[in-house]
Amino acid sequence: MLFLIILILSFASGFFLPWWVVAIAAFSAAFFIGKTPGQAFWSGFLAVFIVWMVLALFKSIPNDHILATRVAQLFQLPGWGYLLLITGIIGGLVSGFAALSGLLLKRAFEK
Amino acid sequence: MKFIKAFLSIAFTLILIWALQRKFGPVPPLGNFLSPADGFWQNAESKNILPTTHLMLPELTGRVTIKYDENRIPHIFAENEHDLYYAQGYVTATERLWQMDIQTRQAAGRLAEVVGPMALETDRYHRRMGMVYGAEKTLKAMMQEPAVRQMILAYTDGINAYIHRLHPRQYPIEFKMLDYAPEEWKPINCAFLLKLMSETLAGGSNEFAMTNILRRFGAKTTNDLFPDYPMHEDPIIPVGTKWDFKPLPIPHPSASFLGQMNDSVKRAIKEEGIGSNNWAVSGSKTANGYPILANDPHLDLTFPSIWYQIQLSAPSVNVYGVSLPGAPCVILGFNNNISWGITNVDADVLDWYQVKFKDNKKDEYWYNNQWNKTNRRVEVINIRGQEPLYDTVIYTHHGPVVYEDKTKKAAGSHDFVPVGDALRWIAHDESDELMTMYILNRGKNYADYRKALTYFNAPASNFVFASKDNDIAITPNGKYPLKYKDQGKYILDGTDPADDWHGWIPFDQNPTVKNPPRGFVSSANQSSTDPTYPYYINWSFAPYERGKRINDRLTAMQKATVDSMRILQTDTYSIRAQDILPTMLKYVDASKLNQDQLAALNMIKTWDKDFTVNSTGATILGTWWAQLYKMIWSDDFADKSLQNNYPSVDRTEQLLLKEPNSKWFDDIRTPAKETCADIVNQSFKAAVDDLSKKYGKPGKGWRWGLVKKMEIRHLTGQEAFSSGNFESGGTGSTVNALTGGHGPSWRMVVQMGPTVQGYGILPGGESGNPGSFFYDDMLKTWQKGELKELLFLQSTDEMSDRIKTTLTIGSK
């Protein structure tokens, strides 16, 4: 459930709000419905990991990945796939830690 | 405990987000750069382009239709001139905004503002040499001419209309990489661009080195080694052309004065290959009876391309060609009646004056037998991550004192700039080059061409011309200072009015020729005229080889077609090899060569003197000649103050061909007395040994295309956005002057006639976005030496299946 909510929120905000909004989404979702730290982190991580890669592919596939290939070379990566993965991981980490923070804050207020 | 855990987790998350929004060294802020919402992914352009789109821009007064062809070249149709230049600004910005921004910053000395202290010296130099001072004056002149003023304001508004619509996620990728935002375009930026062209083409000098050479070797030797007219020449204005004017009296030379300079310096090497070709052939020599014009300006090749192709059409004008991103109009191109092209003259329009200050305060300087007040100009240089630098520049009536003492001249700055000297440079003067372009864009005939040229000051350019009326012409044109002969070959005396520029060569006395009997006109940066021209333009020009080859070919040509011109533009036959190789070979003593050297000797003996991609002879001659040239001069010119400013290639050839007993062949560092034969043999062996070491035994590995480096680099220098090294024929002294990163930045051939037909190709593409399909889509065609037929539409209704997208813009 938490995974789905973060997924939907980050997908919806994806193209028109600044990228760090995913952190707020993950944080508040986990604050309200998060269960355990592990569940919160991985739900947050996976949701944005997937959303960022899908959104990036939306742009990159009609481009035949020409830009992604060039930028991968810029970062000295062997191919655009690596760049896509790093994109997902960075988004995932931000969201995962934000979700974890949301949950831990909720725990702190719970008796 | 729970609170601490929560606090730590929140803190870590915030730090992570903060770190991902921050630029570390050259690494862009990773969160911003990689996120699909804001980052580079947004710059990936889709291959699916809508066939028609509409846009609303309230500042337009009428309706604009822009048709994009298969290379995304815009064909703009507007109902009036305001809208035309407005749309040109808008469209250029959509493809080239970052290029426009960074080039303006470079010219204006504002790079450090975005890239930090590493660009500070570049900025200081541009400020101190008076780029801003010159641009401000030029802007003033441009704004006084109503047509140009209206054009620049509309163009500026068009660019800004685009910038205002941009969301940060749509910024060109370079802004995201360097982490800064585009700023409003200002009319002065158009002036900065023109100054940058002047700097590229007429901003270097070797007066400092020449002065040191004069002091070291004396006048007789210096005049012998650095003559005012070369042995080999084929001037732009054909020999024998009559000067039908009464020249002004030539000023008298001043009591000569040598600057007192002895700083240690390196040389600002004048690269061979920065130059250009253009020519026009009269109808009497063409297949269809109308003139053909060709132009290929050689510059530092870059991504994005220097030029932006465009068609501009309004009721008063319909013109096609290439524009400079950041300036309105077509700069090189054609319309239904005329076509024109440009190469660099390399006039002596930059001089240094030794200043005598009264004291260390430098408030006064000695001139015309009295103390005169200096002016001061404070340049504020903003530096990213640091406090701004306030740099004060002293001005005399000549211009800025670029470095008034050694403390002002930082390590790594330009070595050709002498310390304690004021700079007099044509680019400091008011000028209105855009008026030239405005008139040419609408030009109907020869008279319009002549009128247009009167507005052009700098960088002085060889304007070639051809018209439907069967006129051809060429004019090495610009605002030339009136000087005594060789005034400015050496550093001048800033105290003596006799060394000032003495006014100007009247425009109508600039060298020019119309419809010469030989049936063609041409230029390739060689001497503008033979020595009978009464005025001094410069004492040295580019070597004559490209010009000679072009003239040889055009002389032989009958029933010329567009393809004859294309073949000539990509010609790689070496006149230099033709001139010197037989003599060089004559001296080689085969009995003293080892096996590799013999093999190489056979290769070069059977070589056809053509610098083709697969030629090994080209590699041997190129390396051999470089060795020979160095061996002759490096001993005599070892002193650092001479800045490796060796005598010209032409003078060295003269030594080889006509003065084999000259003392200059002797290597003064060895006890033996070397002769011409010794040096030729030594240099041959050294060249072959060097090649064997680098490329193996003489053979296929020595192919010219493999040995010569050629790459088109992105302006950031990032390999990922560059072309990568590719094989190509040609060299600096062949017509197809591909060498290092230089070469034909635009090739154009225009067949005049009842219906004009243009052909052209850019070494890149229309788009500046590495994420666009149009970033380098023309590169392959350019590499193959082919041209594309240019789509020149006569009206917005004209149909063509090459049109892929139509954009309409209205105020509603």
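Residues numbered from 1 in each chain as written. Chains lettered and ligands numbered in written order. Predicted model: local features only at pLDDT ≥ 70, side-chain atom pairs only at ≥ 80, totals over all residues.

1. Quick notes on the overall build of chain A
Next up, step 1: Looking only at helices and strands, one finds 5 helices and 0 strands in chain A.
Next up, step 2: The secondary structure elements of chain A, listed N-terminal to C-terminal, are α-α-α-α-α.
Next up, step 3: Sequence-distant contacts in chain A: of pairs separated by 6 or more residues, those separated by 24 or more amount to 77%. (Helix = DSSP H or I, 4+ residues; strand = E, 2+ residues; numbered from the N terminus. Contact = placed C-beta atoms within 7 Å.)

2. A few points about the overall build of chain B
Next up, step 1: Regarding its fold elements, chain B presents 21 helices and 27 strands.
Next up, step 2: In terms of overall dimensions, chain B is globule-like: its C-alpha atoms have a radius of gyration of 28 Å, near the 28 Å expected for 812 residues.
Next up, step 3: Summarising its shape, the C-alpha atoms of chain B cover approximately 85 × 75 × 65 Å along the three principal directions.
Next up, step 4: For chain B, with 812 residues in total, the buried portion stands at 53%.
Next up, step 5: Within chain B, contacts between residues at least 6 apart in sequence are counted, and of these 72% link residues at least 24 apart. (Rg over C-alpha atoms; globule rule 2.2 N^0.38 Å. Buried ≥ 20, exposed ≤ 12 C-beta atoms within 10 Å, placed from the backbone.)

3. Examining the confidence of the model for chain B
All names here are of chain B.
Next up, step 1: Averaged over all residues, the pLDDT of chain B equals 92, while 97% of them reach at least 70.
Next up, step 2: Low pLDDT (under 50) marks residues 257-271, which in the prediction has 38 contacts with non-local residues, meaning those over four places away or in another chain.
Next up, step 3: Both scores are given for the predicted complex: the pTM is 0.93, the ipTM 0.95. (pLDDT = per-residue confidence, 0-100.)

4. Quick notes on the packing of helix α16 (residues 595-605) of chain B against helix α17 (residues 617-633) of chain B
Residues and elements named next belong to chain B.
Next up, step 1: Remark: α16 packs on α17, axes separated minimally by 8 Å, with the N-to-C direction vectors making an angle of 110°. Classified by the angle their axes make, α16 and α17 are roughly perpendicular. When α16 is examined against α17, the residues A600, M603 and I604 are found in contact with a partner set consisting of G617, I620 and L621.
Next up, step 2: Looking at the contact of α16 with α17 residue by residue, the class counts come to 5 nonpolar, 1 polar and no charged. (Axes fitted to C-alpha atoms, helices over the stretch in contact; angles between N-to-C directions. Parallel < 35°, antiparallel > 145°, perpendicular 65-115°, else oblique. Nonpolar A, V, L, I, M, F, W, Y, C, P; charged D, E, K, R; others polar.)

5. Quick word on the sheet that holds strand β3 (residues 74-77) of chain B
All names here are of chain B.
Next up, step 1: Strand order in the open sheet formed by 11 strands is β1-β27-β2-β3-β7-β8-β9-β10-β17-β18-β20, and the pairing between neighbours is mixed. At either end of the open sheet lies a strand with only one pairing partner, and these are β1 (52-56) and β20 (513-514).
Next up, step 2: Relative to the sheet, helix α12 (residues 446-453) contacts β10 (338-344), β17 (461-467), β18 (472-477) and β20, its axis offset from that of β18 by approximately 5°. (Pairing = 2+ DSSP bridges.)

6. Observations concerning the interface of chain B and chain A
Next up, step 1: Taken together, the contact pairs 33 residues of chain B with 36 residues of chain A.
Next up, step 2: The set of elements that each furnish at least two residues to the side of chain B that touches chain A consists of α1 (2-20) and α2 (30-34) of chain B.
Next up, step 3: The biggest single contributor to the side of chain B that touches chain A is α1 of chain B, with 11 residues.
Next up, step 4: Of the residues contributing to the side of chain B that touches chain A, the split by class is 17 nonpolar, 11 polar and 5 charged.

7. A look at the nonpolar core
Next up, step 1: Grouped together as the largest cluster of nonpolar side chains are 195 residues, with contacts concentrated most on I76, A87, A280, I292 and F465 of chain B.
Next up, step 2: Core analysis: the next-biggest nonpolar cluster, separate from the first, contains 49 residues, L9, A29, F45 and A99 of chain A among them. (Core = buried A, V, L, I, M, F, W, Y, C linked by C-beta atoms within 7 Å.)

8. Concerning the domain arrangement of chain B
Next up, step 1: Assigned domains within chain B: domain 1 (1-34) and domain 2 (575-707).
Next up, step 2: A straight line from the C-alpha centre of domain 1 of chain B to that of domain 2 of chain B covers 61 Å. (Domains from an automatic or database assignment.)

9. What about the environment of L153 of chain B?
Next up, step 1: Looking at where L153 of chain B falls in the secondary structure, it is placed in helix α7 (residues 146-165).
Next up, step 2: Counting along the chain gives 34 residues from L153 of chain B to P187 of chain B, while the straight-line C-alpha distance between them is 6.7 Å.

10. Considering the sheet that holds strand β19 (residues 492-493) of chain B
All names here are of chain B.
Next up, step 1: The 3 strands are arranged β16-β11-β19 in an open sheet whose pairing can be described as mixed. Each of the sheet's edge strands pairs with one partner strand only, and the pair in question is β16 (421-425) and β19.
Next up, step 2: One ladder, built from 2 bridges, connects strand β11 (residues 350-354) with β19; its direction is parallel. Within β19, the residue paired with Q354 across the bridge is D493.

11. Looking at unusual backbone geometry
Peptide bonds are trans in most cases, and residues, glycine excluded, mostly fall at negative phi.
All names here are of chain B.
Next up, step 1: The linkage connecting F303 with the following residue, P304, adopts the cis geometry, with an omega of -10°.
Next up, step 2: With omega at -5°, the peptide bond leading from A458 into P459 counts as cis.
Next up, step 3: Tracing the sequence through the fold places P459 in the loop between α12 and β17.
Next up, step 4: Notably, D346 is not glycine yet its phi reads approximately 65°, a positive angle.
Next up, step 5: In this fold, D346 is placed in the loop between β10 and β11.
Next up, step 6: Since 26 C-beta atoms lie within 10 Å of it, D346 is described here as buried.
Next up, step 7: Within the chain, D486 stands out as a residue other than glycine whose phi angle is a positive 70°.
Next up, step 8: Of note, D486 is situated in the loop between β18 and β19.
Next up, step 9: D486 sits in the partly exposed class, given 17 other C-beta atoms within 10 Å.

12. Some thoughts on the pairing of strand β27 (residues 803-810) of chain B
Residues and elements named next belong to chain B.
Next up, step 1: Sheet topology note: the β1/β27 ladder contains 5 bridges and is parallel. Counterpart to T53 in the pairing with β27 is L807.
Next up, step 2: Direction of pairing for strand β2 (residues 64-69) relative to β27: antiparallel, over a ladder of 6 bridges. Residue pairing for β27: Y68 is matched across the bridge by T805.

13. Comments concerning the packing of helix α2 (residues 21-33) of chain A against helix α3 (residues 37-60) of chain A
All names here are of chain A.
Next up, step 1: One can describe the packing of α2 onto α3 by two numbers: an axis separation of 10 Å at closest approach and a directional angle of 145°. In the crossing of α2 with α3, the sense of the turn from one axis to the other is right-handed. Residues V22, A26 and A30 of α2 form the contact with α3, whose participating residues are A40, G44 and V48.
Next up, step 2: Taken together, the residues of the contact of α2 with α3 sort by class into 5 nonpolar, 1 polar and no charged. (Left-handed = near helix turned anticlockwise from the far one by under 90°.)

14. Topic: helix α13 (residues 545-556) of chain B
Next up, step 1: Under the 1.5 Å per step criterion, the end-to-end length of α13 of chain B is 17 Å for 12 residues, consistent within 8% with the ideal 16 Å.
Next up, step 2: Among the 12 residues of α13 of chain B, 9 are classified as buried, and the element is accordingly described as predominantly covered. (Expected span 1.5 Å × (residues − 1).)

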